[in-house]
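Examination of the molecular architecture
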Amino acid sequence: MAQVIAEVSRTFNEFLLLPNRTRTDCSPATVDLRTPLVRHLAGERSAIELGSPFTSAIMQAVSTPDLAIALARNGGLSFLHHNQSVQDQAAAVRQVKNFKAGFVTSDTNVRPDDTLSHLVSVMRRTGHSTAAVTHDGTATGRLLGLVTSRDFHPQRHDLDGPVAGRMTAIAELPHAEADTTLSEANARLWDQRLDCLPVLGTDGHLQYLVFRSDYADNKRFPNQAVDAEKRLRVGAGVNTHDYQERVPALLEAGADALCFDSSDGYSDWQAQALSWVKKHYPEIPVGGGNVVDGEAFTFLAEAGADFVKVGVGGGSICITRDQKGIGRGQASAVLDVAAARDAFCERTGEYVPICSDGGLVHDYHVALALAMGADFVMMGRYFARFDQAAGAKLPTRDGFVKEYWGEGSNRARNWQRYGQGGQGLIFEEGVDGYVPYAGDLNEGLATTIAKLKTTMVSCGSVTLPEFQSTARLTLVSDQSFQESHANVTLRDTPATIA
């Protein structure tokens, strides 16, 4: 007969953290959110660390190159989805790797014989006041000069005249070579009192522009996830069907980490795929999942997984539990897998990080997942709300929303992820819907990080390992859960303060 697990399957909503003593050295400013991404020897640092414990889900509706750039600048990591051609996914990886913080690819470009009238229309379209003048009018043409809105006035100059008559020629223009670092470029901007410094490559072709106005913006992101060449890090999802073709293309494009993406990772197919990657490309970290218990974690860790994703059926757009009756409450899954992770480390001397994927409805659930032993979290709905995600922003009577659809929905039809037999979805394991629009990722994630840090301070912790080792959790009853919420009628409009 079937084995019945005695423990009740529990969610994050069923737990609260107890406050610990807050020391005088414990404040949001001293909290360090660094966390390991990949397998490493116990007591040593991981080859790849995240500055903040956030990754974005391997989903069409979530992980775009723009979101990957924004998240990496905030210390996290995106895994670009694999439900697209190998070529398109590799191109998305290159787009992220080619981004250089502070180094801007010019989007306002003209030829020297273009009219000033044309220049005005280009500036209006892009909203920028500095234009690169190149021999062919492209962002990578041979730079001939720069022209700004201060170099001419529509009422004083003939707008039918050529741009060349008002531009500052390259011979008079300070510029930098392609190997210039951002620190060096910023130093020149200030030392030489420049507003813009062009960066040129071979034969004087324009590569980037560095603006003084971006200096403060770059200072906003001190914990960016970057590789040894100071390029932003990016991950990529792969499946167990075409990985032998997909993996080498993603590595050539520059992916920093891979992750096998499956609704149920406890399978021989995933173990075989992990073993193949480790045999042919041992230098690339590759994660596995998803699992919900310690036995499955150990299976994938022994197959070579460098991290393991935890969670089946807990995502906001996932209906796997409804359709197939498999899964586990996310809190129970994380606690069980974390115990197996620690036992594996004790037995082998290797620490394999785990990722809590799904079931994170509220910001404080992130803190609970980390306290329970997750090294980082993966979120879909959370990131789908932001400007940088793929879904369209739509107006409704109650405000704006963003489109959000699951990989198991008929819209995505990611049959490779679900293994229903054949090359297609027989039934849906995800839905297609909307989430409330939340604006810019940088602002939204900053708020979530602030909440996480203050929670850790209340628990007397300044690092995630300390948080995990000292956190105290309590189960909550339905009545205590209700007590956690506001119980007054809320104002519709802000109060007037005299």
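Residues numbered from 1 in each chain as written. Predicted model: local features only at pLDDT ≥ 70, side-chain atom pairs only at ≥ 80, totals over all residues. Heavy atoms only, no water.

**Details of the overall build of the protein**
The secondary structure content of the protein amounts to 16 helices and 24 strands. Overall, the C-alpha framework of the protein stretches about 90 × 70 × 50 Å when taken along its three principal axes. Every one of the 498 residues in the protein was classed for burial, and the buried ones make up 51%. Within the protein, contacts between residues separated by at least 24 positions form 64% of all contacts whose residues are at least 6 apart in sequence. (Helix = DSSP H or I, 4+ residues; strand = E, 2+ residues; numbered from the N terminus. Buried < 20%, exposed > 50% of the residue type's maximum accessible area, 1.4 Å probe, protein only. Contact = heavy atoms within 4.5 Å.)

**Details of the packing of aromatic side chains**
Note on aromatic pairs: each is described by the distance of the centres and the angle between the planes. Throughout the structure, instances matching the rule amount to twelve aromatic pairs. Ring centres of Tyr243 and Trp276 lie 5.5 Å apart, and the angle between their planes is 70 degrees; on these two criteria the pair is classed as edge-to-face. A residue pair is termed long-range when its members are at least 10 positions apart, and Tyr243 in helix 6 (residues 243-253) and Trp276 in helix 7 (residues 268-280) qualify at 33 residues. Pair check on accessibility: Tyr243 and Trp276 agree, each one buried. Relative to Phe376, the ring of Phe307 has its centre 5.8 Å away and its plane inclined at 65 degrees; by these criteria the two rings are edge-to-face. Of the two residues, Phe307 sits in the loop between helix 8 (294-303) and strand 17 (308-310) while Phe376 sits in strand 20 (residues 376-379), which places them 69 residues apart along the sequence. Judged by relative accessible area, Phe376 falls into the buried class, the value being 0%. One aromatic cluster in this structure is built from Tyr243, Phe260, Trp276 and Tyr281. We note Arg212 situated over the ring of Trp190; from NZ or CZ to the ring centre the distance is 4.5 Å. Geometry around Phe400 places Lys393 over its ring, the cationic atom sitting 4.5 Å from the centre. (Phe/Tyr/Trp six-rings, centres within 6.5 Å; stacked < 30°, edge-to-face > 60°. Lys NZ or Arg CZ within 6 Å of the ring centre and 35° of its normal.)

**A word on the sheet that holds strand 11 (residues 176-177)**
Read from one edge of the open sheet, three strands run 11-12-13, paired in mixed fashion. Two strands close off the open sheet at either side, each with one partner strand: strand 11 and strand 13 (206-211). Of the pairings in the sheet, the one linking strand 12 (residues 196-200) to strand 13 comprises five bridges and is antiparallel in character. Looking at strand 13, one finds that Leu200 is bridged to Leu206. Running over the sheet, helix 4 (residues 182-191) touches strand 11, strand 12 and strand 13 and is turned about 60 degrees from strand 13. (Pairing = 2+ DSSP bridges. Axes fitted to C-alpha atoms, helices over the stretch in contact; angles between N-to-C directions.)

**Observations regarding the pattern of salt bridges**
A complete count under the given rule lists 25 salt bridges for this structure. The residue Glu350 makes a salt bridge to Arg39 at a minimum N-O spacing of 2.6 Å. Of this pair, Glu350 sits in strand 18 (residues 350-351) while Arg39 is found in the loop between strand 2 (35-36) and strand 3 (40-41), placing the two residues 311 residues apart along the sequence. Among the salt bridges present, the one from Arg233 reaches Asp256, with a minimum N-O distance of 3.0 Å. Here Asp256 lies in the loop between helix 6 and strand 15 (257-260) and Arg233 lies in the loop between helix 5 (215-219) and strand 14 (235-238), a separation of 23 residues in the sequence. For the residue pair Arg233 and Asp256, the accessibility class agrees, reading buried in each case. The network of salt bridges with shared partners includes Lys97, Asp227, Arg231, Arg233 and Asp256. (Salt bridge = Lys/Arg side-chain N within 4 Å of Asp/Glu carboxyl O.)

**With respect to the sheet that holds strand 22 (residues 399-405)**
As summarised here, the arrangement of the three strands in space is 21-22-23, forming an open sheet in which the pairing is antiparallel. Edge positions in the open sheet fall to strand 21 (393-396) and strand 23 (432-436), since each of these has one partner strand only. Strand-to-strand twist across the sheet, computed as the mean angle between neighbouring axes with direction ignored, equals 45 degrees. Bridge count for strand 21 against strand 22 is four bridges, and the pairing is antiparallel. In the strand pairing of strand 22, Leu394 is matched with Val401.

**Some details on the packing of helix 7 against helix 8**
Running from N to C, helix 7 and helix 8 point in directions that differ by 25 degrees, and their axes come no closer than 8 Å. Classified by the angle their axes make, helix 7 and helix 8 are roughly parallel. Where helix 7 crosses over helix 8, the handedness of that crossing is right-handed. Each of Asp268, Gln270, Ala271, Leu274 and Ser275 in helix 7 lies in contact with helix 8, whose residues at this interface are Phe299, Leu300 and Ala303. Split by residue class, the contact of helix 7 with helix 8 holds five nonpolar, two polar and one charged. (Parallel < 35°, antiparallel > 145°, perpendicular 65-115°, else oblique. Left-handed = near helix turned anticlockwise from the far one by under 90°. Nonpolar A, V, L, I, M, F, W, Y, C, P; charged D, E, K, R; others polar.)

**Quick look at the pairing of strand 13**
With five of six residues buried, strand 13 is to be regarded as a mostly interior element. The loop that links strand 12 with its antiparallel partner strand 13 comprises five residues; one of these, Asp203, has a positive phi angle of about 60 degrees.

**Some words on helix 1 (residues 65-73)**
Across the nine residues that make up helix 1, a large majority, eight, are buried. Every buried residue of helix 1 is accounted for by Pro65, Leu67, Ala68, Ile69, Ala70, Leu71, Ala72 and Arg73. Two residues or fewer after helix 1 comes Gly75, characterised by a positive phi angle close to 95 degrees.

**Thoughts on the nonpolar core**
Within soluble globular proteins, side chains that are nonpolar tend to cluster in buried spots. Of all hydrophobic cores here, the largest spans 104 residues; its most connected members are Phe54, Leu258, Phe297, Phe383 and Phe467. Discounting chain neighbours no more than four positions away, the residues touching Leu258 are Phe79, Ala236, Val247, Leu250, Leu251, Ile284, Pro285, Val286, Gly287 and Phe307. (Core = buried A, V, L, I, M, F, W, Y, C linked by side-chain atoms within 4.5 Å.)

**Some details on the UniProt feature "domain: CBS" (unreviewed entry) in the protein**
The sites that UniProt annotates as "domain: CBS" (unreviewed entry) are residues 103-163 and 167-226. Along residues 103-163 one finds 18% helix and 21% strand; the C-alpha atoms at either end are 25 Å apart. (UniProt positions renumbered as here; feature names shortened; annotations may be inferred.)

**A word on the environment of Thr130**
As for its placement among the helices and strands, Thr130 is situated in strand 8 (residues 130-134). Between the alpha carbons of Thr130 and Ala257 there is a distance of 37 Å; along the sequence they are 127 residues apart. Those residues in contact with Thr130, other than ones at most four positions away along the chain, are Thr108, Met123, Val147, Thr148, Cys196 and Phe211.

**What about the environment of Ala225?**
Considering the arrangement of structural elements, one finds Ala225 in the loop between helix 5 and strand 14. With relative accessibility at 4%, the residue Ala225 sits in the buried group. Linking Ala225 and Leu50, residues 175 residues apart in sequence, is a C-alpha distance of 6.2 Å. Not counting residues up to four positions away in its chain, the partners in contact with Ala225 are Ala72, Gly75, Gly76, Arg231, Leu232 and Arg233.

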